Amino acid sequence: DQQVKQNSPSLSVQEGRISILNCDYTNSMFDYFLWYKKYPAEGPTFLISISSIKDKNEDGRFTVFLNKSAKHLSLHIVPSQPGDSAVYFCAAAYGNKLVFGAGTILRVKS
Amino acid sequence: DAGVIQSPRHEVTEMGQEVTLRCKPISGHNSLFWYRQTMMRGLELLIYFNNNVPIDDSGMPEDRFSAKMPNASFSTLKIQPSEPRDSAVYFCASWTGNSGANVLTFGAGSRLTVL
C-alpha cells in the first residue's frame, strides 16, 4: 500500500518556464512534508519542507503548496533551469518515520 | 563533517552469495535509516534505528535481509543468500531525531547487482 504517490514518472519543461511536481498521500497522520532532489550516482538531498499547519512555504525559486483537505502537495520551480534536471522525491513524515514516493524525473530543456 | 559514508559504492555478486553493506552515520545523529531504491517502487524504507535500537523493520522484504547497529557510528545491512531481484541501490540516511525536523541526510548509496 503506497501511502505517498507521485503519479507522474517524468516531466519535461522548457528552461525559464514553471515546473510543477505533484504528490498525493493517504495517511492523515502525516504532519510534515518534504521534497528531496536526487542527481545520478548521488544520494537524495533535502530541498524544501512544509509543516501541516501551513499551506505554503517558499525558498527562492522553490515553493511547496499543501492542500490538507485534498491530501495533496505540489512543488513549483520557477523559473526552471537546466541544473534542476533530477529526480524529485516527495516524502511525508509522522514521528520518526519518513515515507517516500516513487519519484518524478524532471528534465529542463535549454 | 564528511556526511553519511556508505561502502561499497558498487557491488556485483552472484546469486546465493552473502552481501554486506556498511554505513557510518553523521556523528551526533541518533537515528539511522536503510532505504532501497528501485525503478518500480522508488525509495522504500527497509528499517530504522533510534539510539542503535531497531524501531521498525516492517519494510525488510524477507528473512534473507538483516540489519545491525552495534554502536552509534556503524551499521550493516546483510543479504544472505542474495537473489537477482535484490539488485537495487541501497541508501543509508541519518538525522538528529529531533521532532519537527525530519530532514534526513543520505549517503551516496551502494549499487548492488546480483547476477
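Before going into details, it helps to say that this report is about the structure given with it. (Residues numbered from 1 in each chain as written. Chains lettered and ligands numbered in written order. Predicted model: local features only at pLDDT ≥ 70, side-chain atom pairs only at ≥ 80, totals over all residues. Heavy atoms only, no water.)

1. Concerning the pairing of strand E5 (residues 45–51) of chain A
Two faces belong to every sheet, and in a regular strand the side chains alternate between them. Residues and elements named next belong to chain A. Where we set the bar: Only strands that DSSP links by at least two bridges are regarded as paired with each other. Helix and strand definitions follow DSSP, with helices as H or I runs of at least four residues and strands as E runs of at least two, each counted in order from the N terminus.
Of the strand pairs in this sheet, strand E4 (residues 32–38) and E5 are connected by 6 bridges, and their pairing is antiparallel. Of the residues in E5, the one forming a bridge with Tyr36 is Phe46. Counted between consecutive antiparallel strands, the loop separating E4 from E5 contains 6 residues, among which Ala41 sits at a positive phi close to 65 degrees.

2. Comments concerning the interface of chain B and chain A
Put simply, the test is: Here, residues are in contact when the closest pair of their heavy atoms is within 4.5 Å. Salt bridge, as applied in this entry: a Lys or Arg side-chain nitrogen positioned within 4 Å of an Asp or Glu carboxyl oxygen. For the purposes of these results, a polar contact is taken to be a pair of N or O atoms within 3.5 Å, where, inside protein, one atom must be able to donate a hydrogen and its partner to accept one; residues adjacent in sequence count only when each atom of the pair is a side-chain atom. Ten residue types, Ala, Val, Leu, Ile, Met, Phe, Trp, Tyr, Cys and Pro, are classed as nonpolar, four, Asp, Glu, Lys and Arg, as charged, and the remainder, Gly among them, as polar.
Counting residues at the interface gives 23 residues for chain B and 19 residues for chain A. Where chain B packs against chain A, one counts 0 salt bridges. Viewed at the interface, chain A and chain B are joined by 3 residue pairs in polar contact (both at pLDDT 80 or more). For the side of chain B that touches chain A, the elements supplying multiple residues, two or more each, are strand E4 (31–38), strand E5 (42–50) and strand E9 (88–95) of chain B. Residues that form the side of chain B that touches chain A fall into these classes: 11 nonpolar, 9 polar and 3 charged.

3. A closer look at unusual backbone geometry
A cis amide bond links Val78(A) to the next residue, Pro79(A), at an omega of -5 degrees. Relative to the elements of secondary structure, Pro79(A) occurs in the loop between strand E8 (72–77) and strand E9 (86–94). Cis geometry is found at the peptide bond from Ser7(B) to Pro8(B), where omega equals -10 degrees. Tracing the backbone shows Pro8(B) in the loop between strand E1 (5–7) and strand E2 (10–13). A positive phi angle is found at Ala41(A), which is not glycine, with a value near 65 degrees.

4. Details of the sheet that holds E8(A)
Residue and element names in this part refer to chain A. Reading across from one edge, E1-E3-E8-E7-E6 is the order of the 5 strands in this open sheet, with antiparallel pairing throughout. The two strands at the open ends of the sheet, each matched to only one other strand, are strand E1 (4–5) and strand E6 (56–59). Bridge count between E1 and strand E3 (residues 19–25): 2 bridges; the pairing is antiparallel. In the sheet register, Lys5 faces E3, and the bridge partner there is Asp24.

5. A closer look at the side chain of Asn27(A)
All names here are of chain A. The criterion, for reference: Buried, partly exposed and exposed residues are distinguished by accessible area as a fraction of the type maximum, computed with a 1.4 Å probe on protein chains only: under 20%, between the cut-offs, and over 50%, respectively.
As for its placement among the helices and strands, Asn27 is situated in the loop between E3 and E4. You can call Asn27 buried: its relative accessible area is 17%. Leaving out residues up to four positions away in the same chain, Asn27 has contacts with Gln3, Lys71 and Tyr94.

These results come straight from atomic positions and should not be treated as a statement about function.
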